Amino acid sequence: MSLDPDDPRPPYQQVSSVLRAAILTRKEGFVPGDKLPSGPALAKRFGVARGTVDKALDLLRGEGLIVTRQGSGSFVRERTERPVGLRPHLEAAFEESAVTIDFAGFSSETLHSAMQEPLDKVRSGRLAPESITVRLLLPDATGPMGVPVSVDGLRDEEALRKRAHHIGVTNAGGIKHSVEVLAEYGLVKSARVEVRVHRASSLFKLYILNGREAFFGFYPLRERTLAYEGQSYSFFDITGKDTTLFNHSAGPDDASIGSQYVQQAQRWFNSVWETIAYEREAQA
């Protein structure tokens, strides 16, 4: 474990980032239940002050990755079926040589935002995966959808679908460009983003990172009123930024609950991708 001298972040954030990646990727022998090295040992290993280590551990405790027991030390916490934030896990996924991200949901807006930091680190050379493959599974907003719909009679509104289509196109296109340009610049050996759509409305979101971690959450359904193209609409909509995600991580064997959940999530995604999903050029 070592700090990057070119990393502009404060040392405690760098320490937390290294430890987070080790925990999430199960490197350095960090698996649920394992005890972390003592504070003085970590300070010596990273070449920082003890207070810096304490602040780094505070961040990991806040994220629920570790738990500290009085008189015993800090331990890696079980991460199955627990509300989590996507961003640190996504960054840890980019520590691997082959990065794979499968997403099923409404627009990939949250993913687009969360990917910017690890992609910036690839561009600056602080992360160096060999390949990046992203698959986006989105609803086809060119036809009637379950959501968004008008509050009055649950009517289909073409204008609302047009707005949803624009959001999907913008974010999927942004992800596609920002990932694939890395290969054009020679920063990674291969980079590919594929987009397919389907006719079902997305009422939940699913992320699968490197085939080992799954994140699942239900979209909250809300009534909204907004103006679009000069007209006011009251409609039922979903809000991705308010979705609570639960993390399921593959365990040491296929029989663990985490492993079974990730396997079933991947099986579901692949089955939809390969059967009822199809490419729509305008949305890619």
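Here is a short report on the structure shown in this document. (Residues numbered from 1 in each chain as written. Predicted model: local features only at pLDDT ≥ 70, side-chain atom pairs only at ≥ 80, totals over all residues. Heavy atoms only, no water.)

**Points about the environment of S124**
Here is step 1 of the chain: Turning to its location among the elements, S124 is positioned in helix 6 (residues 116–124).
Here is step 2 of the chain: For S124, a relative accessible area of 44% corresponds to the partly exposed category.
Here is step 3 of the chain: When the C-alpha positions of S124 and F215 are compared, they lie 28 Å apart, and in sequence the two are 91 residues distant.
Here is step 4 of the chain: From its side chain, S124 meets the backbone oxygen of K121 in a polar contact 3.2 Å long. (Helix = DSSP H or I, 4+ residues; strand = E, 2+ residues; numbered from the N terminus. Buried < 20%, exposed > 50% of the residue type's maximum accessible area, 1.4 Å probe, protein only. Polar contact = N/O pair within 3.5 Å; in protein donor to acceptor, adjacent residues only side chain to side chain.)

**Here we look at the packing of helix 6 against helix 7 (residues 158–184)**
Working note: a packed helix pair is described by the angle between its axes plus the distance between those axes.
Here is step 1 of the chain: Direction vectors running N to C along helix 6 and helix 7 enclose 15 degrees, while the axes themselves pass 11 Å from each other. By the angle class used here, helix 6 and helix 7 are roughly parallel. Crossing angle aside, the handedness with which helix 6 passes helix 7 is left-handed. Together, Q116, L119, V122 and R123 of helix 6 and S178, V179 and L182 of helix 7 make up the contact between the two elements.
Here is step 2 of the chain: A breakdown of the residues in the contact of helix 6 with helix 7 according to their chemical character gives four nonpolar, two polar and one charged. (Axes fitted to C-alpha atoms, helices over the stretch in contact; angles between N-to-C directions. Parallel < 35°, antiparallel > 145°, perpendicular 65-115°, else oblique. Left-handed = near helix turned anticlockwise from the far one by under 90°. Contact = heavy atoms within 4.5 Å. Nonpolar A, V, L, I, M, F, W, Y, C, P; charged D, E, K, R; others polar.)

**With respect to the pattern of salt bridges**
Here is step 1 of the chain: Across all of its chains, the model carries 13 salt bridges by this definition.
Here is step 2 of the chain: Between R135 and D102 there is a salt bridge, with its nearest N and O atoms 2.9 Å apart. On the criterion of sequence distance, the pair formed by R135 in strand 5 (residues 131–139) and D102 in strand 4 (residues 98–104) is long-range, its members being 33 residues apart. Exposure class is identical for R135 and D102. Each is buried.
Here is step 3 of the chain: A salt bridge links D237 to R224, with the nearest nitrogen and oxygen atoms 2.9 Å apart. Residue D237 is found in strand 11 (residues 231–238), and its partner R224 is found in strand 10 (residues 221–228); the two are separated by 13 residues along the sequence.
Here is step 4 of the chain: Its relative accessible area of 5% is what places D237 among the buried residues.
Here is step 5 of the chain: Here the salt bridges do not stand alone but share partners, grouping D152, R155 and E157 into one network. (Salt bridge = Lys/Arg side-chain N within 4 Å of Asp/Glu carboxyl O.)

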